[in-house]
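# Examining the three-dimensional arrangement
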Amino acid sequence: MIWNKERETMPRKALRELQLEGLKWTVNRVWDHVPYYRAKMEAIGLKPKHIVSLDDLSKLPFMTKQDFRDNYPFNNFAVPKEQLIRIHASSGTTGKPTVVGYTRHDLDMWTELMARIVTQAGVTSDDIAQNCFTYGLFTGSFGLHYGMERIGAAIVPVSGGNTDKQLMLMEDFGTTALIATPFYALYLAERAAELGIDITKRLKLRVGLFGSEPWTEEMRTQIEQTLHLTATDNYGMSELIGPGVSGECECFCGMHIAEDHFLPETIDTETGEVLNVGEQGELVFTSLDKEALPVIRYRTKDISVLDDTPCACGRTHTRMRKISGRTDDMLIIRGINVFPSQIESALLGISGVGPYYQINIYRKNYLDELEVLVEFTDETLLDNFKKLDELTQTARERLYNVLGINVKLRLVEPHTLERTTQGKSKKVFDKRNDPQ
């Protein structure tokens, strides 16, 4: 199913022409209305008239999250506050939040993009969608909410938490589409089992739209097997617009980027050099028609690969591979680069190990140490130390083969590690600067 066939199957030549028009419009907009970015351009002798082709995109300065912090709360905006009809913000757990805003045009465009995303996932007007994202300043809940409404699906805005009630409503309402973080989806399945709910008989779930935190293909398999639905991925971030930047189609060969609204690049994180399509690097996006908060070459810190080969679904827009990690969550342990996603992939491929894990980094005798706690699933192992030791050794060897370093691994009892019922789950705890 394709929501906007004219745009989503546009010939590449016409799409490139549309992108150039949008790029010129955006550059002129920030030049005229966003003084801090104009100053960046002036510092390198660049003016809007110098942008004459898409190849000139690489001449423009990057934008980063620090630009948002330096211009908190509203100095990033290209419109006066009177033209804003929505303001969202990040949680701000490490300082001032990142503030984003929308004009009426921006909200309508966002809603249309989300209509594409949910349609790509297989949702139709016949579905009842339960939204387990927390409503508030977080953009994810509202994006999926209005996208569902736009295509005519019934939305249940239950918000986060209260898991028992979530399951009751899923059964009573006949919920068919689930919106949640991937780890909360697994917790729903776990809690259903504890309550004796046979998901195949009492629930009607058939499709899930999961996001807000990185998750692996192994996690997808786990979700599909426990909730008995098709698990789909989508991508976005508040600085760009919220969710809606890209999403999976029925071919599951990457997430189609809304290239008529966002111009994607991948760059070398260290040098900033633009990489060729097909090379893994940091994702960078430029908005093409945002009014309130245009962004130019925004560095997402997310690591992926772009793919512009034809897709069997008929959409012509470039796809991006599932996020493999973030440049700011990469752990350097004794000179080896380690991503949490590598650990998750290794663990979820082991029979007898559950999806809940915790990563601790600490310093011992001036050396960094990596400790992984993971739950085992069979409680009878508590009385069988030999099998428990064998499972521990299997997991430790799997991690070594994937990471190339020895990891201190500890199997812990089921239900030991914290479950996150609202928001993103915290899995990494860096204790290197803690008092010894």
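Heads up: the structure comes first, above all this text.
Quantities reported herein were computed from a predicted structural model and do not represent experimental measurements. (Residues numbered from 1 in each chain as written. Predicted model: local features only at pLDDT ≥ 70, side-chain atom pairs only at ≥ 80, totals over all residues. Heavy atoms only, no water.)

Attention now goes to the sheet that holds strand S3 (residues 128-131). Taken in spatial order, the nine strands line up as S4-S3-S5-S6-S7-S8-S9-S14-S13 in an open sheet, and their pairing is mixed. A single partner strand is all that each edge strand has here, and the edge strands are strand S4 (154-156) and strand S13 (306-307). Here four bridges tie strand S5 (residues 177-180) to strand S6 (residues 207-210), and the two strands are oriented parallel to one another. Bridge pairing in S6 links Ala 177 to Val 207. On top of the sheet, helix H5 (residues 104-121) reaches S6, strand S7 (230-237), strand S8 (242-248) and strand S9 (255-257); it is set at about 30 degrees to S8, its chief contact. (Pairing = 2+ DSSP bridges. Helix = DSSP H or I, 4+ residues; strand = E, 2+ residues; numbered from the N terminus. Contact = heavy atoms within 4.5 Å. Axes fitted to C-alpha atoms, helices over the stretch in contact; angles between N-to-C directions.)

With 13 residues, helix H6 (residues 139-151) ought to run about 18 Å at 1.5 Å a step, and its terminal C-alpha atoms sit 19 Å apart, in line with that. In terms of burial, H6 is largely enclosed, as 10 of its 13 residues are buried. Every buried residue of H6 is listed here: Thr 139, Gly 140, Ser 141, Phe 142, Gly 143, Leu 144, His 145, Gly 147, Met 148 and Ile 151. (Expected span 1.5 Å × (residues − 1). Buried < 20%, exposed > 50% of the residue type's maximum accessible area, 1.4 Å probe, protein only.)

Turning our attention to the packing of helix H7 (residues 163-173) against helix H8 (residues 182-194). Where H7 contacts H8, the two axes come as close as 10 Å, and the packing angle between them is 80 degrees. It follows that H7 is roughly perpendicular to H8 by the angle criterion. Seen from H7, the contacting residues are Thr 163, Asp 164, Gln 166, Leu 167 and Met 170; seen from H8, they are Tyr 184, Tyr 187, Leu 188, Arg 191 and Ala 192. Partitioning the contact of H7 with H8 into residue classes produces six nonpolar, two polar and two charged. (Parallel < 35°, antiparallel > 145°, perpendicular 65-115°, else oblique. Nonpolar A, V, L, I, M, F, W, Y, C, P; charged D, E, K, R; others polar.)

In this section: the packing of helix H10 (residues 217-227) against helix H11 (residues 340-348). The geometry of H10 relative to H11 is characterised by a closest axis approach of 8 Å and an angle of 45 degrees between their N-to-C directions. With respect to H11, the element H10 is oriented oblique. On the side of H10, the interface is formed by Glu 218, Met 219 and Gln 222, while H11 contributes Glu 344, Ser 345 and Leu 348. Classifying every residue of the contact of H10 with H11 gives two nonpolar, two polar and two charged.

With that out of the way, let us pick up the packing of aromatic side chains. Evaluated as defined, the whole model comprises 12 aromatic pairs. Look at Phe 210 and Trp 215: their rings are 5.9 Å apart centre to centre, the planes differ by 90 degrees, and that puts the pair in the edge-to-face class. Ring geometry for Tyr 235 against Phe 285: centres 6.2 Å apart, planes inclined by 35 degrees, an arrangement best described as tilted. One end of the pair, Tyr 235, is in strand S7; the other, Phe 285, is in strand S11 (residues 281-287), with 50 residues separating them in the sequence. We note that Tyr 235, like Phe 285, is buried. Among the aromatic residues, ring-to-ring pairing joins Tyr 135, Phe 142 and Tyr 146 into one connected group. The ring of Phe 62 has Arg 299 lying over it, and the distance from NZ or CZ to the ring centre is 5.3 Å. (Phe/Tyr/Trp six-rings, centres within 6.5 Å; stacked < 30°, edge-to-face > 60°. Lys NZ or Arg CZ within 6 Å of the ring centre and 35° of its normal.)

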